[in-house]
Amino acid sequence: MSTTPTQTYLARTFDDERYAWARHPRVRRRAVVAEAALLVALITATLVAGSTDEGWSTWFFVAWTVGMLGFIPLHSLLNLGIRGVLDRDKRSLDEHQRRLGERSHSAMSWPAAALTFAAVAGAVAVVALTEHVPLALCLGFLLWFTSGLLTYWHLAWTSPEEPADLDA
Amino acid sequence: MGRQPKSEADRVHDRIAVLRADRGVSRRELADAVGVHPQTIGYLERGEYAPSLALALRIARFFDLPIEAIFSLDPLPSLSSELLRRTP
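Residues numbered from 1 in each chain as written. Chains lettered and ligands numbered in written order. Predicted model: local features only at pLDDT ≥ 70, side-chain atom pairs only at ≥ 80, totals over all residues.

A. Region of the structure containing the overall build of chain A. Scanning chain A from N- to C-terminus turns up five helices and zero strands. In chain A, the order of α-helices and β-strands from amino to carboxyl end is α-α-α-α-α. In terms of principal-axis extent, the alpha carbons of chain A reach across some 65 × 30 × 25 Å. Taking the contacts inside chain A whose residues are at least 6 apart along the sequence as the reference set, 79% of them involve residues at least 24 apart. (Helix = DSSP H or I, 4+ residues; strand = E, 2+ residues; numbered from the N terminus. Contact = placed C-beta atoms within 7 Å.)

The following block contains the structure:
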């Protein structure tokens, strides 16, 4: 059996040294904070929209679209910072990278389960209180989405600083 | 699979950096030879990762040394003091 990690296209992209700046702990943590702030803003916007009689409105649609599009560059940056360890084929990871991924999955399993429960409970509560079904679905989606991001945030926040000077 | 040491007592000490310097091998070359990413060699040298048995054996085979000459649960003495101790 081969022990050398397979160099998939995705692995080559994430290991590209042009993105070494994104792997610095300060950059990784800022990406986590930015994603969390964006999610809090979207959840707040959803709750504010839900508190109005109109419910789903143009400003909310614009805020939702801009927020969701904002996730694309932010999550790309975060994924570059963690070398895509959670998204790459297992065969392209070595034992240390697999261990880091498993540690974050394990650490975030209960909080993720709690957020998934909160997603269902939150959506039901919004429908019960406001009768705005689309907004209830938005809130549920955002909380469920957050539960999926927890593992990425944990890994990006806790990964040790990478050793420099690999050719030394 | 290896693991991150949870305490100093849990740490696996190694001589990888010294051996690399002695043989003129870069982290990247060693990593390619033993089938890991070069960063993992750096984590091993910094004591932030304890290798799996398979990886430790591959590193020992690369340097053509017994595994206990490279890895230890106790801090390893310097190679020069080892040499002095063994010289009659």
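Next comes the rest of the account.
B. Up close: the overall build of chain B. Along its length, chain B carries six helices and two strands. Helices and strands in chain B line up, N terminus first, as β-α-α-α-α-α-β-α. Its C-alpha atoms give chain B a radius of gyration of 13 Å, within 12% of the compact-globule value 12 Å for 88 residues. Its C-alpha atoms put chain B at 40 × 30 × 20 Å along the principal axes. Looking at chain B residue by residue over its 88 residues, the buried ones come to 27%. Counted over contacts in chain B with a minimum sequence separation of 6, partners at least 24 positions apart contribute 60%. (Rg over C-alpha atoms; globule rule 2.2 N^0.38 Å. Buried ≥ 20, exposed ≤ 12 C-beta atoms within 10 Å, placed from the backbone.)

C. Just the UniProt feature "transmembrane region" (unreviewed entry) in chain A, in detail. Residues and elements named next belong to chain A. Per the UniProt record, "transmembrane region" (unreviewed entry) is found at residues 31-49, 61-86, 107-127 and 133-153. Strand forms 0% of residues 61-86 and helix 81%; the C-alpha atoms that close the span are 31 Å apart. Across residues 107-127, helical content stands at 100% and strand content at 0%; the span's end C-alpha atoms are separated by 32 Å. (UniProt positions renumbered as here; feature names shortened; annotations may be inferred.)

D. Structural context of helix H5 (residues 133-158) of chain A. Relative to the 38 Å expected for 26 residues at 1.5 Å per residue, H5(A) spans 38 Å between its end C-alpha atoms, a close match to the ideal helical length. Within H5(A), the axis deviates most sharply at A:Leu149, by approximately 35 degrees. (Expected span 1.5 Å × (residues − 1). Bend = angle between axes of the 7 residues up to and from the residue.)

E. The arrangement of the UniProt feature "domain: HTH cro/C1-type" (unreviewed entry) in chain B in detail. Cross-referencing UniProt, the feature "domain: HTH cro/C1-type" (unreviewed entry) maps to residues 16-70 of chain B in the present numbering. A distance of 7 Å separates the end C-alpha atoms of residues 16-70 of chain B, which is 71% helix and 0% strand.

F. Representation of unusual backbone geometry. Residues and elements named next belong to chain A. Of note in this structure, arginine 83 is not a glycine but carries a positive phi near 55 degrees. One can find arginine 83 in the loop between helix H3 (58-81) and helix H4 (95-130). For arginine 83, a count of 27 C-beta atoms within 10 Å translates into the label buried.

G. Focus on the interface of chain A and chain B. In this assembly, 15 residues from chain A lie in contact with 20 residues from chain B. Its residues placed into classes, the side of chain A that touches chain B shows five nonpolar, four polar and six charged. (Nonpolar A, V, L, I, M, F, W, Y, C, P; charged D, E, K, R; others polar.)

H. A look at the nonpolar core. Residues and elements named next belong to chain B. Counting 15 residues, the largest nonpolar core has Val34, Ile41 and Ile59 as the members making the most contacts within it. Within the residue set of this core, elements represented by two or more residues are helix H2 (27-34), helix H3 (38-45) and helix H4 (53-63). The contact partners of valine 34, leaving out residues within four places of it in the chain, are Leu55, Arg58, Ile59 and Phe62. (Core = buried A, V, L, I, M, F, W, Y, C linked by C-beta atoms within 7 Å.)

I. A look at the packing of H2(B) against H3(B). Residue and element names in this part refer to chain B. Running from amino to carboxyl end, H2 crosses H3 at an angle of 105 degrees, the nearest separation of the two axes being 8 Å. Overall, the two elements H2 and H3 adopt an arrangement that is roughly perpendicular. Where H2 abuts H3, its residues Arg27, Arg28, Leu30 and Ala31 lie against Pro38, Thr40, Ile41 and Gly42. In the contact of H2 with H3, the residues fall into four nonpolar, two polar and two charged. (Axes fitted to C-alpha atoms, helices over the stretch in contact; angles between N-to-C directions. Parallel < 35°, antiparallel > 145°, perpendicular 65-115°, else oblique.)

J. Focus on the confidence of the model for chain B. Residues and elements named next belong to chain B. Mean pLDDT over chain B works out to 88, with 93% of the residues at or above the 70 mark. Ranking the elements of chain B by mean pLDDT puts helix H6 (residues 79-86) last with 73 and H4 first with 96. Among the prediction metrics, the complex's ipTM stands at 0.80, with pTM recorded as 0.87. (pLDDT = per-residue confidence, 0-100.)

K. Structural context of the environment of A:Ala136. All names here are of chain A. Tracing the sequence through the fold places alanine 136 in helix H5. On the basis of neighbour count, alanine 136 is assigned to the buried category, with 22 C-beta atoms found within 10 Å. Sequence spacing of alanine 136 and threonine 46 is 90 residues, and the spatial spacing of their C-alpha atoms is 8.3 Å. Beyond its immediate sequence surroundings of up to four residues, alanine 136 is in contact with Ala123, Val126 and Val127.

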